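Here's the letter readout for the chains.
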Amino acid sequence: MSEEEKGKRKEAVKEQQANYLIEERYEIIEGVRYDFLSSPRVSHQILVTELNASIRSTCHANGIVLVAPMDVHFDENNIVQPDLIFIANENLHIIKDGWVKGVPDLLVEILSPSTGSKDKVRKKIIYERFGVKEYWIVDPVYSTIDQLVLVDGKYQLEASYGDEDTLTSPNLSCISIDLRQLFQEAMRFNVQPTE
């Protein structure tokens, strides 16, 4: 390798002192754009990480688990970024050109002060309408998970789980999550809302 080539190689791996492009994060629900106002809290990210690890460890042979930021394209007026996505093997065809374009089997949202009402109302309506089989709403403040299951085109509350429970799924037999373990690490960093 010549000296010129060595110099170019060193330059190519040298860290740049520049501003990096951080793309905007937003969702489109019923044609309305909703911007993400800030990054999630540590407790939120721990829950995403732990849920991902729990589902992946027992369901890796049954499908794929994806975490945000990852757009789910239901149609041009409904593009969402759930915190966690599970797509069963028989539905992997919805991954097209590196994007999720269709209906996943399970979507999980972890509530935060800026997105909680949207997750509980607007997204629930969209997920139900497009036929997402199962939708979990995780509340990091109260250490609960509401599990909604699609029955005859409508969501029914299958169960509300607390931190003493083990979450299982009527649609995905591979899922069994010890919620005490799940919430324990996140609670170390959970900040209670102020009045």
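Structural data are supplied above this passage.
First, a word on scope: everything that follows refers to the structure included in this document. All of these numbers come straight from a predicted model, not from anything done at the bench. (Residues numbered from 1 in each chain as written. Predicted model: local features only at pLDDT ≥ 70, side-chain atom pairs only at ≥ 80, totals over all residues. Heavy atoms only, no water.)

The secondary structure content of the protein amounts to 4 helices and 14 strands. Across the 195 residues of the protein, 38% fall into the buried class. When the accessible area of the protein is evaluated, it comes to approximately 11,900 Å², of which 49% is carbon and sulfur surface. (Helix = DSSP H or I, 4+ residues; strand = E, 2+ residues; numbered from the N terminus. Buried < 20%, exposed > 50% of the residue type's maximum accessible area, 1.4 Å probe, protein only. Areas by Shrake-Rupley, 256 points an atom, 1.4 Å probe, with all protein chains shown as cover.)

Turning to the side chain of Asn91, a few remarks are in order. Here Asn91 lies in the loop between β6 (84-88) and β7 (95-96). By relative accessible area, which is 16% here, Asn91 ends up buried. There is a polar contact of 2.9 Å between the side chain of Asn91 and the side chain of Asp105. Ignoring anything within four residues of it in the chain, the contact list for Asn91 reads Asp105 and Lys133. (Polar contact = N/O pair within 3.5 Å; in protein donor to acceptor, adjacent residues only side chain to side chain. Contact = heavy atoms within 4.5 Å.)

For Asp139, the position within the fold is in strand β10 (residues 134-139). No salt bridge is formed by the buried Asp139; the nearest opposite charge belongs to Lys120, separated by 5.2 Å. A polar atom in the side chain of Asp139 sits 2.9 Å from the backbone nitrogen of Val141. For Asp139, the side chain forms a polar contact with the main-chain nitrogen of Tyr142, separated by 3.1 Å. Contacts of Asp139, omitting those with residues within four sequence positions, involve Leu111, Thr144 and Phe183. (Lys, Arg positive; Asp, Glu negative; His and termini not counted. Salt bridge = Lys/Arg side-chain N within 4 Å of Asp/Glu carboxyl O.)

With that out of the way, let us pick up the pattern of salt bridges. Applying the stated criterion across every chain yields a total of 5 salt bridges. As a salt-bridge pair, Glu30 and Arg129 come within 2.3 Å of each other at their nearest N and O atoms. With Glu30 in the loop between β1 (26-29) and β2 (32-35) and Arg129 in helix α3 (residues 116-130), the pair connects residues that are 99 residues apart, well separated along the chain. The salt bridge involving Asp105 is made with Lys133; its shortest N-O contact spans 3.2 Å. A residue pair is termed long-range when its members are at least 10 positions apart, and Asp105 in the loop between β8 (99-100) and β9 (106-110) and Lys133 in the loop between α3 and β10 qualify at 28 residues. In this structure Asp105 comes out as buried when scored by relative accessible area, which is 4%. Each of Glu109, Asp119 and Lys123 takes part in one network of salt bridges that share partners.

Moving on, we get to the packing of aromatic side chains. Inspection of every chain in the model, using the stated rule, returns 4 aromatic pairs. Ring centres 6.0 Å apart and planes at 55° place the aromatic pair Phe74 and Tyr127 in the tilted group. One end of the pair, Phe74, is in strand β4 (residues 72-75); the other, Tyr127, is in helix α3, with 53 residues separating them in the sequence. Arranged with centres 4.8 Å apart and planes meeting at 15°, the rings of Phe74 and Phe130 form a pair that is stacked. Residue Phe74 is located in strand β4, and its partner Phe130 is located in helix α3; the two are separated by 56 residues in the primary sequence. A network of ring pairs unites the aromatic residues Phe74, Tyr127, Phe130, Tyr135 and Tyr155 as a single cluster. (Phe/Tyr/Trp six-rings, centres within 6.5 Å; stacked < 30°, edge-to-face > 60°.)

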